[in-house]
Amino acid sequence: MTTNLSQANLSESEQQDVMEAIASISEKLSFLVNLSQEERRSLPKMGDKTRIFVQKAMEVANRHDEFLPRSFDIAEMRRAVSLYESLYPILLSLGQLHELLEDTYYAAGNEAYTSARVVYQSAKIHGRGIGIDTVVEELGTRFSRKSRKSQSQPRQA
């Protein structure tokens, strides 16, 4: 990984603008649903093959509705297909943006953590006696581990 985000900056004003843009998107998509994990798992997976299947079924329904059950609401199918097709490019774009945002977030975090470790190591070696011993000790808790003995001892009843 070769990233250098040292020149990148996101001001509070820019962050607020992005948050307002996200709020605007959420407002325009106010009909979005929140499925539980169980509900999500129960739905068919909507990949490219299923998209093609839905499109072709819609064409058949539009041309030959005479064999469909009387209770079948073709207008409702049209609305669902239209919404599905309208959301698809948005989903792709937001997915790409999410991936870039997440990658940049992790890269920036890595750069920040790497720098913090240099500060900690330098303070641990060269910071004794200048009044930062407590802070160095607090920083060191990030690397402390529980002893294996305390983890493997059986509980006493």
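About the cut-offs
- Residues numbered from 1 in each chain as written.
- Predicted model: local features only at pLDDT ≥ 70, side-chain atom pairs only at ≥ 80, totals over all residues.
- Heavy atoms only, no water.
- Helix = DSSP H or I, 4+ residues; strand = E, 2+ residues; numbered from the N terminus.
- Rg over C-alpha atoms; globule rule 2.2 N^0.38 Å.
- Buried < 20%, exposed > 50% of the residue type's maximum accessible area, 1.4 Å probe, protein only.
- Contact = heavy atoms within 4.5 Å.
- Areas by Shrake-Rupley, 256 points an atom, 1.4 Å probe, with all protein chains shown as cover.
- Lys, Arg positive; Asp, Glu negative; His and termini not counted.
- Charge placed at Lys NZ, Arg CZ, Asp CG, Glu CD.

To continue, consider the overall build of the protein. If you tally the helices and strands in the protein, you get 6 helices and 0 strands. Secondary structure elements of the protein, listed N to C terminal, follow the sequence α-α-α-α-α-α. Taking 15 Å as the expected radius of gyration for a compact globule of 157 residues, we find that the protein reaches 27 Å, considerably beyond that expectation. For the protein, the C-alpha atoms occupy an extent of roughly 90 × 55 × 30 Å along the three principal directions. Taking all 157 residues of the protein together, the buried fraction comes to 10%. Of the contacts formed within the protein by residues at least 6 apart in sequence, a portion of 49% connects residues at least 24 apart. Total accessible area on the protein is roughly 14300 Å²; 56% of this is exposed by carbon and sulfur atoms. Averaging the locations of the 20 positively and 21 negatively charged side chains of the protein gives two centres separated by 12 Å.

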